[in-house]
Amino acid sequence: MSHAKSREVTLPLKITEELGLSLDKLRQAWKENPASVPKGLSCSESKEGQFVLVAAESAFVTLPGACVIKGIGAIEMLNEEPLFEEGANSKSLLLKASPDGWKFSVKFVPPIVRERNAK
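Thresholds applied
Residues numbered from 1 in each chain as written. Predicted model: local features only at pLDDT ≥ 70, side-chain atom pairs only at ≥ 80, totals over all residues. Heavy atoms only, no water. Helix = DSSP H or I, 4+ residues; strand = E, 2+ residues; numbered from the N terminus. Buried < 20%, exposed > 50% of the residue type's maximum accessible area, 1.4 Å probe, protein only. Areas by Shrake-Rupley, 256 points an atom, 1.4 Å probe, with all protein chains shown as cover. Pairing = 2+ DSSP bridges. Phe/Tyr/Trp six-rings, centres within 6.5 Å; stacked < 30°, edge-to-face > 60°. Contact = heavy atoms within 4.5 Å.

A. Inspection of the overall build of the protein at higher detail. Along its length, the protein carries 1 helix and 9 strands. Taken from the N to the C terminus, the helices and strands of the protein come in the order β-β-α-β-β-β-β-β-β-β. Burial analysis of the protein (119 residues in total) assigns 32% to the buried set. Accessible surface, the protein: about 8100 Å² in total, of which carbon and sulfur atoms supply 50%.

Take a look at the structure:
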């Protein structure tokens, strides 16, 4: 039996000016002192030079219509549907700076469903 691989879902959302400023401040703080990044968050730069922020499951919470990143701010989601299946684990929130603005996605491992033979 093979295990399901992780999935990544892009989030349709609306970024506030305050959240944009918080992300820019975090990016600058990371460049000056990488140890200043709060626990549960990790920063890096893509090959294209784009800033990438990954929030571990412990650093963000999803609510109906919003996602809150501890120490950063809230993101208003344009879709009310759940981001991941119930029972999913290893969730992380990915934020990528791009020339078109911030791109947000959630990466998770779907729950393993085991079907037993019933006689």
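B. Examining the sheet that holds strand β5 (residues 60-63) more closely. The 4 strands are arranged β2-β7-β6-β5 in an open sheet whose pairing can be described as antiparallel. In this open sheet, the two edge strands, each paired with only one partner strand, are β2 (13-14) and β5.

C. Looking closely at the packing of aromatic side chains. Taken as a whole and assessed by the stated rule, the structure comprises 2 aromatic pairs. Residues tryptophan 30 and phenylalanine 51 carry aromatic rings whose centres are separated by 5.6 Å and whose planes lie at 55° to one another, so their mutual orientation is tilted. Of this pair, tryptophan 30 sits in helix α1 (residues 17-32) while phenylalanine 51 is found in strand β4 (residues 51-56), placing the two residues 21 residues apart along the sequence. Pairing phenylalanine 51 with tryptophan 102 gives two aromatic rings, centres 6.0 Å apart and planes at 85°, and the pair type is edge-to-face. Linking phenylalanine 51 in strand β4 with tryptophan 102 in strand β9 (residues 101-109), this pair joins segments that are 51 residues apart in sequence. Classification of phenylalanine 51 as buried rests on a relative accessible area of 2%. Here the aromatic cluster, defined as three or more aromatic residues joined through ring pairs, consists of Trp30, Phe51 and Trp102.

D. Layout of the side chain of serine 92. The residue serine 92 is located in strand β8 (residues 89-98) in this model. When neighbours within four sequence positions are excluded, serine 92 is seen to be in contact with Val54, Ala55, Phe60, Ser105, Val106 and Lys107.

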